[in-house]
Amino acid sequence: MKSGVPRVSAYVLDQNQYGKAENRIVKITRRGNNGGWHDITDLNVSVALRGEFGEVHYSGDNSNCLPTDTTKNTVYAFAKEHGVASAEAFGILLAKHFVTSQPVIHEAQIRVEEYAWDRIPVAGREQQHSFVRKGQEIRTAQVTYSGDTGALQVISGLKELTVLNSTNSEFHGYIKDRYTTLKEAHDRILATKVTARWAHSAAATGREDFDWNRSYEESKRHLLEAFAETYSYSLQQTLFAMAGRVMDNRPEVNEVRLNLPNKHHFLVDLDPFGLKNDNEVYYAADRMYGLIEGTIHREGVKPVIATSDWITA
Ligand SMILES: O=c1[nH]c(=O)c2[nH]c(=O)[nH]c2[nH]1
């Protein structure tokens, strides 16, 4: 029975559509010698199907219903089978597939958001598999001046700086108790949205000619370079390396606090569709997330940065 045909006298079903919304997909494509150069495609794909779904609503007869779960699987499988040449080309492939493969589906709408990434440069050279999300991070500054003591405290920082390493990250050797199901990872994506704050020494804050802009740019550069260059066995280790790199290079910085949500990327199981997922197609989960936080300061310096801020991925 077609949509719009009355089944109950007082009302009829009009426009309706269904599908799986917001399929977050990260596709890694390898090229160059030994596939060492990675390209990343990061999409949010929503599927809406329109067609002969009257009975699904009227009587619960699902014989015309392609499960939303199947539409989700199709998105991930198509990324592997056809690649993602562009958001438009990928959308066309999917839309045509749903309409031509199921006679009861008359129209398919695929909406795609694509998130752009730049390569992280280290010493001016683009890295093979380290990326930063395009768009500006938000720079932050907190200044406190005490009339009593004359103390000037400056905490600089940034938030919303999203970075990703598509390899050089492992996680294993951790505690396993009766509730542990996590599989050890020997090659995983490591991604995080950095919130960083760093406190300046009195020597820096006391100088009238102190170049805050340069200090900020350089501290940010060291955070990014350390993220890109650290072969990581945990996000905690990466956190320590990032903070340490800033203090190694910026004498004006006494303390760094980092809040790093672990933006999990799960390898999609394509086995049921006869496809091998060779670390190519990932599901980018936005919740839940591990939240790794820590303050690192120079020895003998009392930490001043608040630890209670609520950070979300
Ligand atoms: O880098 C990580 N640190 C953890 O503490 C942790 N815990 C977890 O489940 N995955 C990860 N990854």
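Computed from a predicted structure; not experimentally measured. (Residues numbered from 1 in each chain as written. Predicted model: local features only at pLDDT ≥ 70, side-chain atom pairs only at ≥ 80, totals over all residues. Heavy atoms only, no water.)

Notes on the side chain of H129
Filter applied, for reference: By the criteria applied, helices consist of DSSP H or I runs no shorter than four residues and strands consist of E runs no shorter than two, each listed in order from the N terminus. Pairs of residues are marked as contacts when any of their non-hydrogen atoms sit within 4.5 Å.
Secondary-structure assignment places H129 in strand β5 (residues 125-133). Other than its neighbours up to four places away in sequence, H129 contacts G36, H38, R119, L164, N165, S166, T167 and N168.

A look at the packing of aromatic side chains
Condition: The rule is short: rings of Phe, Tyr and Trp, with Trp giving its six-membered ring, pair when the centres are within 6.5 Å, and they are stacked under 30 degrees, edge-to-face over 60, tilted in between. Relative accessibility decides the category of a residue: with a 1.4 Å probe and only protein chains considered, values under 20% of the type maximum give buried, values over 50% give exposed, and everything between is partly exposed. Two conditions define a charge located above a ring, namely a distance within 6 Å from the ring centre to NZ of Lys or CZ of Arg, and an angle within 35 degrees of the ring normal.
Under the counting rule described, the total for this entry stands at six aromatic pairs. An angle of 25° between the planes, with centres 5.9 Å apart, marks the rings of W198 and Y216 as stacked. Of this pair, W198 sits in strand β8 (residues 190-200) while Y216 sits in helix α5 (residues 212-229), and the two are 18 residues apart along the sequence. For Y216, a relative accessible area of 2% puts it in the buried group. Relative to Y233, the ring of Y231 lies with its centre 5.4 Å away and its plane at 40°, an arrangement referred to as tilted. Overall, Y231 belongs to the partly exposed group, its relative accessible area being 34%. Sitting above the plane of the Y174 ring, K176 keeps its charged end 4.6 Å from the centroid.

Let's talk about the environment of D309
Among the structural elements, D309 can be located in the segment after β12 (290-297). The class for D309 is partly exposed, based on a relative accessible area of 35%. Sequence separation between D309 and N259 is 50 residues, and the spatial gap between their C-alpha atoms is 9.3 Å. Ignoring any residue separated from it by four or fewer positions in sequence, one finds D309 in contact with R197 and E293.

Description of the UniProt feature "binding site: urate" (unreviewed entry) in the protein chain
What counts is decided by this rule: UniProt positions are given in the numbering used here, feature names are shortened, and annotations may be inferred rather than shown by experiment. Definitions used for this entry: grid spacing 1 Å over protein atoms alone; cavity, a set of points where a 1.4 Å probe fits but cannot get out; pocket, an open set with protein on both sides within 12 Å along at least 5 of 7 lines; lining residue, one with an atom within 4 Å of a point.
UniProt feature "binding site: urate" (unreviewed entry): in the numbering of this structure it lies at T68, D69, F171, R188, Q236 and N262. The largest pairwise C-alpha distance within this set of annotated residues, which runs over 195 residues, is 37.0 Å, so the set is dispersed in three dimensions. Annotated residues from the preceding list that form part of the lining of the largest pocket: these are F171, R188, Q236 and N262. Inspection of the secondary structure puts R188 in the loop between β7 (152-165) and β8. Tracing the backbone shows Q236 in helix α6 (residues 235-249). By relative accessible area, which is 42% here, Q236 ends up partly exposed.

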